[in-house]
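# Coordinate inspection notes
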Amino acid sequence: MEPVTIKRSGTALLLLLLCTLAGAHAGGENSAAEERMNVLFLVVDDLRPALGVYGYPGVSTPHIDRFATDGGVVFERAYCQQAVCAPSRTSFLTGRRPDTTRLYDFYSYWRQAAGNFTTLPQHFKENGYFAASIGKVFHPGIASNHTDDYPLSWSVPAYHPPTQKYKEAKVCSGPDSKLHMNLLCPIRNISAMPGGSLPDIQSSDYAVSLLRQIAKGPGDRTRSMLPTGDPVPREPFFVGVGFHKPHVPFKFPAEYLDLYPLDKIAPPSDPNLPLGMPPVAYEPWTSLRRREDVIALNASFPYGPLPADFQLKIRQHYHAAASYTDAMLGKVLDELDALGLRNRTIVTLIGDHGWALGEHAEWAKFNNFEVGVRVPLIVRVPGVTDSREELAAPRFVSEFVELVDVFPTVADLAGLPTPSTCPEDSSNVLLCTEGASFAPLLKPALGEDAAPQKWKSAAFSQYPRPADQPQENSDLPHLANITVMGYSMRTLQYRYTRWMAFDNTAFRANWSDVRGEELYAHAGSHGDETGEDKNLAGDSGFADVVAELADKLRRGWRAALPPAP
């Protein structure tokens, strides 16, 4: 086994000093723990940057907006590595990309398929932290060994809200006065639901309870065992809280729908297939097609379209589900403040991938478009990002970052050993990263010099397909059925995607067997969710651009890393 090398960046040492000074007043056996920063790691399922703080019009997300305004740093160009739940989560929780984890679907466990890779919570646990998972952090099931990777990644078994088992239940009211398994599913009477609640309500309540137990401290005799029967938690902690919405079905308390009158909902700005788009790029939103209200529309496969009024309802219900999630996040963040834990807790908020709301005639994820791979990412570090004199507005960072960067960044910020860059073959390396700590991008909040002029020159994503043409399993093919891989790269001016034949046993693309090519021009302001409406790859005027970007894409993420400090 190759030796694991670790390093500490200058930022990490500075932050560690801040943490040490913050805890210097503490005495006795708890002082060492109080010198270390806690981590609250918030993950939201299928959340695109359709949030107030990102300038998205007409969307109500007051709690996330306040978190961003009150000391947060908002990353405008953050990207996931694959736009689907399990591969994305496995990637950012191991710090490695899908071609390394060998997880492109839901049906394998990276420790068996690729290597015994150390995860983000495991790294904290192995460095003396209490680590707990609430809700959907890892993707449940085979992808995390049916245990959410416990006991390796967590100190106690993961908590899953009991009502999540009813996610496919027929509880949605229909015009026929019967209950259905619908896509659109606002709930007027929560207590009448199976289990008397909804998953994100239960997860947020459990997170609040856990934080209260932690805040009591080891000397408080009122502390009790966790509901699972496990020992009471302690500081320092790494607590991951994963929220299920706005993932389909759009099931949420109906009062959030009242925030979005249907006559105020705008249609998608880019509702048509991009001109010149290769068919392999399209995702036929099969996850929606099995819902009873969508089935009743009899939309043609693969391109639809859906009726205009139903399109507006999808957009309305997605935003309502996001507002509901925002409220649940707010409960947890408010409790952190109320318990006095804020000043010693790093908080990160991420979406695991984006979601299409009619852009390019698509209604899900499963793609390489900007709307599928761009995600919200907000970070707050006590004494660092909130140290500015005026906090009336968030600070925005426009450099490229990727979710694979989150692992080394959070370790860096907490003063833990920061994983070094993985070698080409890291299958036997327990701890390394295929990302880079973006902690240096937070330096301006300390009044230091501006962030480096050169950071990552591109962000990389990918998506598999079973065939060159859309088919029933195009959205989520099993590994054995993957024959094409689309590698996508976002630069300041362009998104370039190359679809190639893929060997699903050697995990290797054939760069000479091209099944489709895409080039979309971007204005270069901040990350655009739309605008990729004309494929320029076949335009002779862009031949040199395509050749240059194809070479850059093949050289890959290593060639795009920020310069060494």
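Up top is the structure these notes are about.
Now for a description of the structure that goes with this document. (Residues numbered from 1 in each chain as written. Predicted model: local features only at pLDDT ≥ 70, side-chain atom pairs only at ≥ 80, totals over all residues. Heavy atoms only, no water.)

The next subject is the packing of helix H3 (residues 62-69) against helix H11 (residues 308-338). The packing of two helices is summarised by the inter-axis angle and the distance between the axes. With their axes 7 Å apart at the nearest point, H3 and H11 run at an angle of 45 degrees to one another. One element, H3, and the other, H11, form an angle in the oblique class. Only Asp326, Ala327, Leu329, Gly330, Leu333 and Asp334 of H11 make contact with H3, whose side of the interface consists of Pro62, His63, Ile64, Arg66 and Phe67. Tallied by class, the residues present in the contact of H3 with H11 amount to six nonpolar, two polar and three charged. (Axes fitted to C-alpha atoms, helices over the stretch in contact; angles between N-to-C directions. Helix = DSSP H or I, 4+ residues; strand = E, 2+ residues; numbered from the N terminus. Parallel < 35°, antiparallel > 145°, perpendicular 65-115°, else oblique. Contact = heavy atoms within 4.5 Å. Nonpolar A, V, L, I, M, F, W, Y, C, P; charged D, E, K, R; others polar.)

This paragraph deals with the packing of helix H8 (residues 199-216) against H11. Following both chains from N to C, one finds H8 and H11 inclined at 5 degrees, their axes separated by 9 Å at the closest point. For the element pair H8 / H11, the angle class is roughly parallel. Mapping the contact onto sequence places Asp200, Ile201, Ser204, Asp205, Ala207, Val208, Leu211 and Arg212 in H8 and Tyr324, Thr325, Met328, Lys331, Val332, Glu335 and Leu336 in H11. When its residues are assigned to classes, the contact of H8 with H11 shows eight nonpolar, two polar and five charged.

Let us look at the state of the cysteines. Counted by the stated rule, this structure contains two disulfides. Covalently, Cys172 is tied to Cys185 through a disulfide, its sulfur atoms 2.2 Å apart. When the S-S torsion is -100 degrees, as for the bridge of Cys172 with Cys185, the disulfide is left-handed. Of this pair, Cys172 sits in strand E5 (residues 172-173) while Cys185 sits in strand E7 (residues 184-187), and the two are 13 residues apart along the sequence. Ordering the disulfide-forming cysteines of the chain by sequence position, one finds them joined as 1-2, 3-4. (Disulfide = S-S within 2.5 Å.)

Looking along the chain, the bond that leaves Glu235 and enters Pro236 is cis, with omega of -5 degrees. Across the junction of Gly304 and Pro305, the peptide omega takes the value 0 degrees, indicating a cis bond. By the element assignment, Pro305 lies in the loop between helix H10 (292-295) and H11. Positive phi outside glycine occurs at Arg102, with the angle close to 60 degrees. Structurally, the position occupied by Arg102 is in the loop between helix H5 (98-101) and helix H6 (110-113). Arg102 sits in the partly exposed class, given a relative accessible area of 33%. (Buried < 20%, exposed > 50% of the residue type's maximum accessible area, 1.4 Å probe, protein only.)

So, on to the nonpolar core. Of all hydrophobic cores here, the largest spans 90 residues; its most connected members are Leu40, Leu42, Leu183, Phe250, Leu288, Ile314 and Ile378. Among the elements that make up this core, the one with the highest residue count is H11 (13 residues). Those residues in contact with Leu40 that sit more than four places away from it in its chain are Val239, Val241, Val332, Leu333, Leu336, Thr345, Ile346, Val347 and Thr348. One finds Phe75, Tyr109, Leu120 and Val384 within the second-largest nonpolar core, a separate group that totals 50 residues. (Core = buried A, V, L, I, M, F, W, Y, C linked by side-chain atoms within 4.5 Å.)

The strand order across the open sheet formed by four strands is E15-E16-E17-E18, and the pairing between neighbours is antiparallel. One side of each edge strand has no neighbouring strand; the edge strands of this open sheet are strand E15 (459-465) and strand E18 (508-521). Direction aside, neighbouring strands of the sheet carry axes that sit 20 degrees apart on average. Across seven bridges, the pairing between strand E16 (residues 484-490) and strand E17 (residues 494-503) is antiparallel. Residue pairing for E17: Val484 is matched across the bridge by Ala501. (Pairing = 2+ DSSP bridges.)

By convention here, two paired aromatic rings are described through the distance between centres and the angle between planes. Using the criterion set out here, one finds 20 aromatic pairs in the structure. Residues Phe124 and Tyr129 carry aromatic rings whose centres are separated by 4.9 Å and whose planes lie at 85 degrees to one another, so their mutual orientation is edge-to-face. One exposure class covers both Phe124 and Tyr129, and it is buried. Centroid distance Tyr256 to Tyr324: 5.7 Å. Interplanar angle 50 degrees. Geometry classified as tilted. Residue Tyr256 is found in the loop between strand E9 (250-253) and helix H9 (286-289), and its partner Tyr324 is found in helix H11; the two are separated by 68 residues along the sequence. For Tyr256, a relative accessible area of 16% corresponds to the buried category. (Phe/Tyr/Trp six-rings, centres within 6.5 Å; stacked < 30°, edge-to-face > 60°.)

Three or four residues apart is the spacing at which side chains of an α-helix point the same way, because the helix has 3.6 residues per turn. Here H11 is 31 residues long and its end C-alpha atoms lie 45 Å apart, about the 45 Å a rise of 1.5 Å per residue gives. Here H11 lies mainly inside the structure; 23 of its 31 residues are buried. Directly beyond the C-terminal end of H11, a positive phi value near 75 degrees is found at Gly340. (Expected span 1.5 Å × (residues − 1).)

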